[in-house]
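The lines below spell out each chain.
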Amino acid sequence: MVAVCPLISHAELCSPGHPPSPSASFPEGQMDSLLSIISSQRERFRARNQELEGENRMMQHTVQALQSELDNLRADNIKLYEKIKFLQSYPGRGGSRDDTELRYSSQYEERLDPFSSFSRKERQRKYLSLSPWDKATLSMGRLILSNKTARTVAFFYTLFLHCLVFLVLYKTAWSESVGRDCAAYCAKKCV
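Labelled according to an unreviewed UniProt entry, the chain appears under the name CASP C-terminal domain-containing protein, originating from Dromaius novaehollandiae.

Some thoughts on the UniProt feature "transmembrane region" (unreviewed entry) in the chain
Per the UniProt record, "transmembrane region" (unreviewed entry) is annotated on residues 152-170. Taken end to end, residues 152-170 comprises 100% helix and 0% strand; its first and last C-alpha atoms sit 27 Å apart.

Quick word on the environment of K79
Topologically, K79 is positioned in helix α3 (residues 28-88). Taking C-alpha positions, K79 is 8.1 Å from Y108, a pair spaced 29 residues apart along the chain.

Let's talk about the state of the cysteines
Counting across every chain of the model gives zero disulfides. No disulfide involves C186; its sulfur sits 6.1 Å from the nearest other cysteine sulfur, which is in C190. Overall, the relative accessible area of 46% leaves C186 in the partly exposed class.

Focus: the packing of aromatic side chains
Summed over all chains, the structure comprises two aromatic pairs. Measuring from ring centre to ring centre gives 5.2 Å for F155 and F156, while their planes differ by 70°; the resulting arrangement is edge-to-face. Between F166 and Y170, the aromatic rings sit 6.4 Å apart at their centres with planes inclined by 20°, giving stacked as the arrangement. Taken together, the positions of F166 and Y170, both in helix α7 (residues 148-190) and four residues apart, correspond to about one turn of that helix. Relative accessible area serves as the criterion here: at 55%, F166 is assigned to the exposed category.

Considering α3
With 61 residues, α3 should cover 90 Å at 1.5 Å per step; its first-to-last C-alpha distance of 89 Å lies within 8% of that length. Listed in full, the buried residues belonging to α3 are G54, I78 and Y81.

Notes on α7
The end-to-end C-alpha distance of α7, which contains 43 residues, comes to 63 Å, matching closely the 63 Å that a straight helix rising 1.5 Å per residue would cover. Between the side-chain oxygen at the start of α7 and the backbone nitrogen of T149 there is a gap of 3.2 Å, and the oxygen is on N147.

Criteria and thresholds
All chains use their own residue numbering, which begins from 1 and follows the written sequence. Totals for whole chains, interfaces and linings use every residue, but because this is a predicted model, local features are given only for residues with pLDDT of at least 70 and side-chain atom pairs only at 80 or more, for both listing and counting. The side-chain numbers reported here are obtained from all heavy atoms of the structure, hydrogens and water having been left aside. UniProt positions are given in the numbering used here, feature names are shortened, and annotations may be inferred rather than shown by experiment. Secondary structure elements are taken from DSSP: a helix is a run of H or I of four residues or more, a strand is a run of E of two residues or more, and numbering for both begins at the N terminus. Disulfide assignment relies on a single distance test, namely cysteine sulfur atoms paired within 2.5 Å. The cut-offs for exposure are 20% and 50% of the maximum accessible area for each residue type, with area from a 1.4 Å probe on protein chains only; residues under the lower value are buried, those over the upper are exposed, and the others partly exposed. Any two of the Phe, Tyr and Trp rings considered here, Trp counted by its six-membered ring, make a pair once their centres fall within 6.5 Å; the pair's planes then place it as stacked at under 30 degrees, edge-to-face at over 60, or tilted in between. The span you would expect from a helix comes to 1.5 Å times its residue count less one. N or O atoms within 3.5 Å of each other form a polar contact, as long as, within protein, one can give a hydrogen and the other can take it, and as long as residues adjacent in sequence are counted only when both atoms are side-chain atoms.

Written out as structure tokens, the structure reads:
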């Protein structure tokens, strides 16, 4: 930290060959007062830092406690949904499904069948590892294969393109053949 002192010019402070010595540039009383100011400021910052670290630890502890409470409540709700489903399985006990039941039904079903949740997560992981071109191709394939009209249009479009390529190649081959036949005929007549 560089303190401004009226006894030292800016050129003397910045000159690399002649660094001023602290004892020569500051009087003894001023050095003691600067030292006490810096020490008290350091202590204030240290105390504030410890206070903030304590608050941070308390907040992390609170977040962990709330997260465990949330997990426990979720597990309790799934167990309650399981009981509701069991009670609704009795004959004559029809019930209407509300939003709460619909929300926990997927979690309940997921807990019953761990293989489907594993395969869904694995499929999602593989999809995220694809390149953008592969993702676009996969999306187009899913779009075409999921709809009967899209499948029909794709079939006839592919058929049309194949016929067009076949006709262009046939026309090119025919014109080459006609050109060769004409050249042979002219060569035969002229000789």
